[in-house]
Amino acid sequence: LEVGPLVLDAGRRETRRNGAAVRLTAKEFDLLWFLASNPNRVFSRDQLMAGVWGYTAALDTGTVTVHIRRLREKLEENASRPRLLETVWGVGYRLTA
């Protein structure tokens, strides 16, 4: 699966950015795969909790925020100005193609 500078290999659970390997945890990979499978589509924290973690968020949507932050640190050129993993204020997150 290719989205922008990212290449994800589900069978090997490997991620590359501009050809360089990126080490992700299992859940980081799952979240990135979910977003990459739906490029440019915005997902709320609740939708991500259901789609990636498999349960209703209830009160714990902070997990999504933490995982997005960690992915940005690993994937973005400048994590404080993300271009791949965008926040859509008041709605959620999207991976731009």
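Read on for an overview of the structure. This one's a predicted model, so the numbers in the text were calculated from it and none came from an experiment. (Residues numbered from 1 in each chain as written. Predicted model: local features only at pLDDT ≥ 70, side-chain atom pairs only at ≥ 80, totals over all residues. Heavy atoms only, no water.)

### Some words on the side chain of T15
To keep it simple, the criterion reads: Helix numbers and strand numbers start at the N terminus; a helix is a DSSP run of H or I with at least 4 residues, a strand a run of E with at least 2. We call two residues in contact whenever any of their non-hydrogen atoms come within 4.5 Å of each other.
Turning to its location among the elements, T15 is positioned in strand β3 (residues 14-17). Once residues lying within four places of it in the same chain are set aside, the contact partners of T15 are V7, L8, A20, A21, V22, L24, F29, L32 and L75.

### A short note on the packing of aromatic side chains
For the record, the criterion: In this scheme Phe, Tyr and Trp rings, the latter by its six-membered ring, pair at centre separations within 6.5 Å, and the angle between planes marks the pair as stacked below 30 degrees, edge-to-face above 60, and tilted otherwise. Whether a residue is buried, partly exposed or exposed follows from its accessible area with a 1.4 Å probe, protein chains only, as a fraction of its type maximum: under 20%, in between, or over 50%, in that order.
Throughout the structure, instances matching the rule amount to 2 aromatic pairs. Taking 6.1 Å as the distance between ring centres and 20° as the angle between the ring planes, the aromatic pair formed by F29 and W33 counts as stacked. Placement of the pair is F29 and W33 together in helix α1 (residues 26-36), with a separation of 4 residues, close to one helical turn. The class of F29 is buried, set by a relative accessible area of 3%.

### Some details on the side chain of E28
Going by this rule: Two N or O atoms count as a polar contact when they lie within 3.5 Å, although within protein this holds only if one can serve as hydrogen donor and the other as acceptor, and sequence-adjacent residues are included solely when both atoms are side-chain atoms.
For E28, the position within the fold is in helix α1. Among the polar contacts made by the side chain of E28, one reaches the main-chain amide nitrogen of T25 at a distance of 2.9 Å. With residues near it in sequence (within four places) discarded, E28 still touches R23, H67, R70, L71 and K74.

These values are about where atoms sit, not about what they do.
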